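What follows is each chain in one-letter form.
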Amino acid sequence: MANKIVVLGSLNLDSILHVTRLPLPGETLEMNDKSSAPGGKGANQAVAASRAGAQTSFIGKIGADDAGKVLLDSLIDDGIDTNNVTKDSLRGSGQAFILLQENGQNSILVYSGSNQSLSRSDVDSAKGIIDNADFLISQFETPIDTTTYAFEYAQSKGVKTILNPAPAVPVIPAELLQVTDLICPNETETATLTGIKITDKTSMLMNGAHFAKMGVKNLIITVGSRGAFYANQEKSDFIDAFTVKAIDTTAAGDTFIGALASKLKKDFSNMEEAIVFANHAAAITVQRLGAQPSIPTLKEILAEY
Ligand code: RIB
């Protein structure tokens, strides 16, 4: 049976600015191209979970504008339950401006807009879908207080919680860590949180020990094109990524998390199998342009095996 996943998070309309390199301070630089695509870490993770085969619902906030309609339609087209995507009539929809360099690297500026209005009352309205979920996933592009409240409720109902602490913050409130079953930062985010830079296996183990001390039982650190490290009370290991030529890494981490959650068992006993599946999915994403347009379907992921 397919996993039931609820994602609480952001929706952004991404403007992708194609540049040869980043402009220097005071410099005016011509772009090579520009494009637009639905994005936002939360929405990307929901799309990844749904395309990978999970029954997916979304809790989020759009503005009462054209961008909001595009973002909502994109989730609906992917078969995601959007009954708990509501509108903020005061703030515009979230937007991201992505400077995509020729070498595939990106730098992102985000305008949070309506994402910041997602509140506890939105979680209260969505309790019915959380009750029936296997996993609840959230990130940091919506208010941390709302995520904490949702995770507390989810855990009280036996739903497993997955936190993607992105964008990076220096400290995660202890109340949130206490109700997080799996934390999944990338190497930059983990170093910001623990102060331990990822250089080798020892530094990964030290990060693992740090999170364990903070009370999180399961950890996955994604290490870009190299792969992912996981650690829990029973085991820790590093699983290599698949080598591909990246043209745009936007949403690679989001694809990893959504695909991972669609495959994970609720007792986290198949971490390795789920990470390999998620690595396959992310490897496809980096070879395509844009956030949601680049996320693969289950058929595409399975074709990589
Ligand atoms: O993780 C990628 C996402 O980050 C983009 O889609 C952009 O919207 C930003 O939120």
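Since the structure is predicted, the reported quantities are computational estimates derived from the model, not experimental observations.

Within the structure, the ligand sits among Asn 12, Asp 14, Gly 39, Gly 40, Lys 41, Asn 44, Ala 96, Glu 141, Ala 251, Asp 254 and Ala 291. Lys 41 is positioned with one of its side-chain polar atoms (N or O) 2.9 Å from an oxygen atom of the ligand. A distance of 2.6 Å separates an oxygen atom of the ligand from a polar side-chain atom of Glu 141. Protein chains bury 96% of the 280 Å² of accessible surface belonging to the ligand in isolation. Looking at the shell around the ligand, the elements that each hand over two or more residues are strand S2 (12-19) and helix H1 (41-51). A per-class count over the shell around the ligand returns three nonpolar, four polar and four charged.

Of all 11 residues making up H1, 10 are buried, and the element is well covered by its neighbours. What H1 keeps buried is the set Gly 42, Ala 43, Asn 44, Gln 45, Ala 46, Val 47, Ala 48, Ala 49, Ser 50 and Arg 51. Where H1 terminates, the next one or two residues include Gly 53, which has phi positive at roughly 115 degrees.

Before going further, it helps to examine the packing of aromatic side chains. Enumeration according to the criterion identifies one aromatic pair in this entry. Centroid distance Phe 135 to Phe 268: 6.1 Å. Interplanar angle 65 degrees. Geometry classified as edge-to-face. Here Phe 135 is found in strand S8 (residues 135-138), whereas its partner Phe 268 is found in the loop between helix H9 (252-263) and helix H10 (271-285), with 133 residues between them in sequence. Phe 268 matches Phe 135 in its accessibility class, with the two residues each being buried.

A few words now on the pattern of salt bridges. Applying the stated criterion across every chain, the model contains nine salt bridges. Among the ionic pairs, Glu 187 bridges to Arg 226, the shortest N-O distance being 3.4 Å. Pair noted here: Glu 187 is in helix H7 (residues 187-194) and Arg 226 is in the loop between strand S11 (218-223) and strand S12 (227-231), with a separation of 39 residues, a long-range link. The shortest N-O distance in the salt bridge between Glu 300 and Arg 288 comes to 2.7 Å. Linking Glu 300 in helix H11 (residues 298-302) with Arg 288 in the loop between H10 and H11, this pair joins segments that are 12 residues apart in sequence. Accessibility expressed as a relative area gives 30% for Glu 300, which makes it partly exposed. Under the relative-accessibility criterion, Arg 288 is labelled partly exposed at 26%.

A few words now on the nonpolar core. Membership of the largest hydrophobic core comes to 43 residues, with the highest contact counts inside it found for Phe 58, Ile 220, Phe 256, Leu 260 and Leu 264. The biggest single contributor to this core is H10, with seven residues. Dropping the residues within four chain positions of it, Phe 256 is found in contact with Cys 184, Ile 220, Thr 222, Ala 228, Ile 275, Ala 278, Asn 279 and Ala 282. Within the second largest apolar cluster, 33 residues are counted, among which are Leu 163, Leu 177, Phe 211 and Val 223.

The terminal C-alpha atoms of helix H5 (residues 144-156), which comprises 13 residues, lie 18 Å apart, in line with the 18 Å expected from a rise of 1.5 Å per residue. Among all positions of H5, only Thr 146, Thr 147, Thr 148, Tyr 149, Ala 150, Phe 151, Tyr 153 and Ala 154 are buried. Packing partners of the buried residues in H5 comprise strand S1 (4-8), helix H3 (120-125), helix H4 (127-131), S8, strand S9 (160-163) and helix H6 (174-178). At the exit of H5 stands Gly 158, carrying a positive phi of roughly 80 degrees.

Thresholds, definitions, all that
- Residues numbered from 1 in each chain as written.
- Predicted model: local features only at pLDDT ≥ 70, side-chain atom pairs only at ≥ 80, totals over all residues.
- Heavy atoms only, no water.
- Near = heavy atom within 4 Å.
- Polar contact = N/O pair within 3.5 Å; in protein donor to acceptor, adjacent residues only side chain to side chain.
- Areas by Shrake-Rupley, 256 points an atom, 1.4 Å probe, with all protein chains shown as cover.
- Helix = DSSP H or I, 4+ residues; strand = E, 2+ residues; numbered from the N terminus.
- Nonpolar A, V, L, I, M, F, W, Y, C, P; charged D, E, K, R; others polar.
- Buried < 20%, exposed > 50% of the residue type's maximum accessible area, 1.4 Å probe, protein only.
- Phe/Tyr/Trp six-rings, centres within 6.5 Å; stacked < 30°, edge-to-face > 60°.
- Salt bridge = Lys/Arg side-chain N within 4 Å of Asp/Glu carboxyl O.
- Core = buried A, V, L, I, M, F, W, Y, C linked by side-chain atoms within 4.5 Å.
- Contact = heavy atoms within 4.5 Å.
- Expected span 1.5 Å × (residues − 1).

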